[in-house]
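Listed below, chain by chain, are the residues.
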Amino acid sequence: MDRPAAMTRTRLAASILLTWLLGGCTDLQSAISPAGEQAGQLFSLLQLMTWVCGIIYALVLVFLGWTIVRVWKRASADEAPLVDPADRGLSRSMLVWGALIVGGLTLLITASFLTDRHLASLPSKEVLRVRVTGHQWWWRIAYRDPATGRWIETANELHLPSGRTTRVELGSSDVIHSFWVPNVAGKLDVIPGRANSLDLTPHRIGWFRGQCAEFCGAQHAHMAFDVKVESPADFTRWLAAQARAAAPSTDPVSARGAAIVTKGACAMCHAVRGTPAAGRPGPDLTHVGSRRSIAAGTLTMSRGALQGWIANPKALKPGTTMPAVPLDGADANAVAAYLESLK
Ligand code: CUA
């Protein structure tokens, strides 16, 4: 083998190994970095399963190696084969192996059953209810306004108060999706025509990432959402801000954008509370500028990202139902400025 080819292979192997090792370094979306009661229970079960399966696997490898060495030594010494049907030691060792396997499986099944029961019986008084609806490919999220009792809509960003249980009521408008915030809880299918619900009790404050976990079409991978776990006081403030209608635009550029968004084509699909825009098919934009990302976790929120998304959504997310909106440069800038101002 020539040296450049060998070096390329070494580099390739090193980069694969590094990617594999570093891939686990982020704990933004990780089931092995639990930040909630339910995820903690599941992580304990995972650890038990890893230990039990790991020990049995190691035992199998040790005995396999030992047998291979014995057979090889006897063959080279021209001795008779090891397996003798009348050998009582063989029957005994088969019994021990059988007992180990049955015992290990019984332990895992019992632990799995008990974890499931425990998760189902977690105290759920003072539950906050949130409706989450899966769409190809984004999440509609609705909170009940404690002041008025009305539903407040947002999209692709779930806020959870720390130390409280939030019950997420799941629905789908089209195909089967799966709701998963690995740091906080297990995953649950989101099925059209069926009401599923999942309890989340986070206890670590911070940002996390949720992801659709069931293949649901071309942009399944771009069906993510941001999750913010915050103190109950911060959560109450956030909810009160989300409940408010959009503030009127003060600067001329945003005002121009407001006129285009709320009276033009955008209003057919999007709502901006407090304006004539009341479209239902797409995400509510009342406070879109306060969100961390756009297009279901596809792009980080910025004026440039908004402008790029509006100009050619199908280039960024092929298959999306969002059409390109033909706008000249000044109008596109005004629309992006307006949307960014909707905090
Ligand atoms: Cu929705 Cu995958």
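Residues numbered from 1 in each chain as written. Predicted model: local features only at pLDDT ≥ 70, side-chain atom pairs only at ≥ 80, totals over all residues. Heavy atoms only, no water.

The subject of this paragraph is the overall build of the protein. Within the protein, the regular secondary structure consists of 8 helices and 12 strands. Since a compact globule built from 343 residues should have a radius of gyration of about 20 Å, the 28 Å found for the protein marks it as more spread out than a globular shape. Viewed in the frame of its principal axes, the protein has a C-alpha envelope of about 95 × 65 × 35 Å. Looking at the protein residue by residue over its 343 residues, the buried ones come to 37%. Sequence-distant contacts in the protein: of pairs separated by 6 or more residues, those separated by 24 or more amount to 63%. Surface accessibility of the protein: about 19200 Å² in total, with carbon and sulfur atoms responsible for 64%. In the protein, which carries 34 positive and 25 negative side-chain charges, the distance between the mean positions of the two groups comes to 2 Å. (Helix = DSSP H or I, 4+ residues; strand = E, 2+ residues; numbered from the N terminus. Rg over C-alpha atoms; globule rule 2.2 N^0.38 Å. Buried < 20%, exposed > 50% of the residue type's maximum accessible area, 1.4 Å probe, protein only. Contact = heavy atoms within 4.5 Å. Areas by Shrake-Rupley, 256 points an atom, 1.4 Å probe, with all protein chains shown as cover. Lys, Arg positive; Asp, Glu negative; His and termini not counted. Charge placed at Lys NZ, Arg CZ, Asp CG, Glu CD.)

The next point concerns the sheet that holds strand E10 (residues 224–230). Strands sit in the order E4-E10-E9 across an open sheet of 3 strands; the sheet is mixed. In this open sheet, the two edge strands, each paired with only one partner strand, are strand E4 (157–161) and strand E9 (206–211). Between one strand axis and the next, the sheet turns by 25° as a mean value, whatever way the strands run. Both E9 and E10 contribute to a ladder of 6 bridges, which runs antiparallel. Bridge pairing in E10 links tryptophan 207 to lysine 228. The strands touched by helix H4 (residues 232–243) are E4 and E10; relative to E4, the strand with the most contacts, the crossing angle is about 140°. (Pairing = 2+ DSSP bridges. Axes fitted to C-alpha atoms, helices over the stretch in contact; angles between N-to-C directions.)

Before going further, it helps to spend a moment on the side chain of histidine 270. Within the secondary structure layout, histidine 270 lies in the loop between helix H5 (252–263) and strand E11 (293–294). With residues near it in sequence (within four places) discarded, histidine 270 still touches Ala277, Ala278, Gly279, Gly282, Pro283, Leu285 and Met322.

A separate point is the sheet that holds strand E8 (residues 196–200). One key point about sheets: their strands pair by backbone hydrogen bonds, in either a parallel or an antiparallel sense. An order of E3-E2-E1-E5-E8 is seen for the 5 strands of this open sheet, with the pairing classed as mixed. The open sheet has two edge strands with one neighbour each: strand E3 (151–155) and E8. Here the average twist between neighbouring strands, direction ignored, is 25°.

Let's shift gears to the packing of aromatic side chains. Scanning all chains against the criterion turns up 8 aromatic pairs. Their ring planes at 90° and their centres at 6.0 Å tell us that phenylalanine 63 and tryptophan 66 sit as a pair that is edge-to-face. A residue pair is termed a helical-turn pair when its members lie 3 or 4 positions apart in one helix, as phenylalanine 63 and tryptophan 66 do in helix H2 (residues 37–76) at 3 residues. Among the aromatic residues, those joined into a ring-pair cluster are Phe63, Trp66 and Trp97. Residue placement shows lysine 187 over the ring face of tryptophan 180; its charged tip is 4.2 Å from the ring centre. (Phe/Tyr/Trp six-rings, centres within 6.5 Å; stacked < 30°, edge-to-face > 60°. Lys NZ or Arg CZ within 6 Å of the ring centre and 35° of its normal.)

A word on the pattern of salt bridges. Tallied over the full model, the rule gives 10 salt bridges. The partner of arginine 303 in a salt bridge is glutamate 340, and the shortest N-O contact between them spans 3.1 Å. With arginine 303 in helix H6 (residues 303–311) and glutamate 340 in helix H8 (residues 329–341), the pair connects residues that are 37 residues apart, well separated along the chain. Given a relative accessible area of 33%, arginine 303 falls into the partly exposed group. Put simply, Arg140, Glu153 and Arg280 are held in one network by salt bridges that share partners. (Salt bridge = Lys/Arg side-chain N within 4 Å of Asp/Glu carboxyl O.)

By the burial criterion, the buried members of H6 are Ala305, Leu306, Trp309 and Ile310. End-on view of H6: buried residues confined to an arc of 130°, all on one side of the axis. (Arc of directions from axis to C-beta.)

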